[in-house]
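Here is how the chains run, residue by residue.
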Amino acid sequence: MNHLLKNVRPYGESATDVRLVDGRIAEIGTGLPEGSSRVHDGAGAVLLPGLVDLHTHLREPGREDAETVATGTLAAALGGFTAVHAMANTDPVADTAGVVEQVWRLGREAGHCDVAPVGAVTVGLGGQQMAELGTMADSAARVRVFSDDGKCVSDAGLMRRALEYVKAFDGVIAQHAQEPRLTVGSQMNEGVQSSLLGLTGWPAVAEEAIIARDCLLAAHVDSRLHVCHVSTAGSVDLLRWAKNKGWKVTAEVTPHHLLLTDDLAATYDPLYKVNPPLRTQADVDALREGLADGTIDCVATDHAPHALEDKEAEWGAALPGMTGLETALAVVALTMVETGRLDWRSVADRMSHTPARIGRLDGAPEPQGRPLAVGEPANLCLVDPGARWTVDPHESASRSRNTPFVGRELPVRVVATFLRGRPTVLDGKPAPA
Ligand code: DOR
Ligand code: ZN
């Protein structure tokens, strides 16, 4: 079916009509005739390219009680995403062509958004032996992003070899930067709050030491490094240094690190336990500045659903992680748009064009993160910029409930999402297939 979006504002700019035909943007212009198209009144909503997440935990295979590919990708569509990268720390680990193809196929079957599996760097995330990166790259899943996320590739020799190896297929190593010897038993950010609360600290230097090392390694072998969930002001400085050198280093920040601080640990509510931990207001300010000036390339959710029994435990026993797909755009609007740091065009850059380019989805057979222009695939999301809503975990499509934004009022709401011209979300609800 063809669709006509009336009175929408591409990138938040002037209002126009957009017609979608055969999965592509066929026409953009004011006063387009209805013809045989199904008409949607945009009422001045902001039209963005479908969002692309570089960092989603879908938990399948292995922890289908916390999330499945189907439930996680539906949550993604409701959040305006048309593609997500599925992290490799599943059970079994996504360290073979068989597992990445399974995850990719489950994504196709569910149909809510594209799933680009991330391949593990090391066998079983063990940090010892490199996984068969080439066979994952050559598989139907066309893996380009490799990560042991959840764990750091801490062996410098192995990291160097992985960086060298992925050059053959234009891949990238996405590092979870956490020096393990500096974070033994760590529970929260190391600082004033951890001293007051008596919880073992996770110092900023544990992240920064790995980022500095890996930037040097990426430069040494002229390969691509991506730094996951940057959380400290010092990390932003290091990235600025590496970029000034012209090295092929990119980075992401999560919505929760753009808004929340380690003061929340004082509640002892494990909803606020995450890895890397929430940091200080000075770190939050530096992350916002880094995202605004492009030192940090993109936003990634690190959507990390956990079953109730893994989250409703005492702080020390609870697993780290927060859900984030359905709240990501709203938190970015709150922290970056409403504060005047980013306009909608820049939001599209940080949440669609750039993550798609880093993951090499922009040139895939079914491209993602492409500009809003005639002839491009109709991967779109439509956002009501005036909406305000209160986060209710029971309304989430995710199988898990661990959102740290529970009860908060947030701005902007995704009203529709289109995947190659087909609505996956309409009126803020899942669209019937
Ligand atoms: O908080 C986190 N949760 N950080 C990670 O690195 C892993 C993730 C998970 O898989 O739950
Ligand atoms: Zn991580």
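Everything below is about the structure shown above.
Thresholds, definitions, all that
Residues numbered from 1 in each chain as written. Chains lettered and ligands numbered in written order. Predicted model: local features only at pLDDT ≥ 70, side-chain atom pairs only at ≥ 80, totals over all residues. Heavy atoms only, no water. Helix = DSSP H or I, 4+ residues; strand = E, 2+ residues; numbered from the N terminus. Rg over C-alpha atoms; globule rule 2.2 N^0.38 Å. Buried < 20%, exposed > 50% of the residue type's maximum accessible area, 1.4 Å probe, protein only. Salt bridge = Lys/Arg side-chain N within 4 Å of Asp/Glu carboxyl O. Donors = N, O, S within 2.8 Å, 3.2 Å for Na, K, Ca; no water. Tetrahedral: all angles 85-135°; square planar, octahedral: opposite > 155°, others 65-115°. Near = heavy atom within 4 Å. Polar contact = N/O pair within 3.5 Å; in protein donor to acceptor, adjacent residues only side chain to side chain. Areas by Shrake-Rupley, 256 points an atom, 1.4 Å probe, with all protein chains shown as cover. 1 Å grid on protein atoms, 1.4 Å probe; cavity = no way out; pocket = protein on both sides within 12 Å on 5 of 7 lines; lining within 4 Å. Sits in = over half its atoms within 2 Å of the grid points. Nonpolar A, V, L, I, M, F, W, Y, C, P; charged D, E, K, R; others polar.

**Student:** Looking at this model, I keep getting lost on the overall build of the chain. Mind explaining?
**Tutor:** What the chain contains, in helices and strands, is 12 helices and 18 strands. Its C-alpha radius of gyration of 20 Å places the chain within 12% of the 22 Å reference for a compact globule of 433 residues. Along the first, second and third principal axes, the C-alpha set of the chain runs to 65 × 45 × 45 Å. Residues classed as buried in the chain amount to 61% of the 433 residues present.

**Student:** Looking at this structure, I do not really get the pattern of salt bridges. What am I missing?
**Tutor:** Any two side chains of opposite charge can pair, on the condition that their charged atoms come close. In total, this model carries 21 salt bridges according to the counting rule given. Three or more residues joined by partner-sharing salt bridges are found here, namely Arg108, Asp114, Glu366 and Arg420.

**Student:** Looking at this structure, how should I read the coordination of the zinc ion (ligand 2)?
**Tutor:** Bound to the zinc ion (ligand 2) on the protein side are Asp149 (OD), His176 (ND1) and His229 (NE2), at distances that span 1.9 to 2.3 Å. Between the four donor atoms coordinating the zinc ion (ligand 2), the angles at the centre fall across 84 to 132 degrees, so the site counts as irregular. For the zinc ion (ligand 2), the donor residues sit on a single chain with the sequence spacing D-x26-H-x52-H. Of this pair, aspartate 149 sits in the loop between β8 (145–146) and α4 (156–166) while histidine 229 is found in the loop between β12 (225–227) and α7 (233–244), placing the two residues 80 residues apart along the sequence. In this structure, aspartate 149 and histidine 229 share a single accessibility class: buried.

**Student:** Explain the site of ligand 1 to me, please; I cannot follow it from the model alone.
**Tutor:** Around ligand 1 sit 14 residues, and of these Arg59, Asn89, His176, Asn275 and His306 come closest. A distance of 2.7 Å is found between a nitrogen atom of ligand 1 and a backbone nitrogen or oxygen belonging to asparagine 275. In this structure, glycine 321 approaches ligand 1 through a main-chain N or O atom, which is 3.3 Å from an oxygen atom. Here ligand 1, which alone exposes 290 Å², has 94% of that area covered by the protein. When atoms are counted within 2 Å of each cavity's grid points, the one that captures over half of ligand 1 is the largest pocket. A class-by-class count of the residues in the shell around ligand 1 yields three nonpolar, eight polar and three charged.

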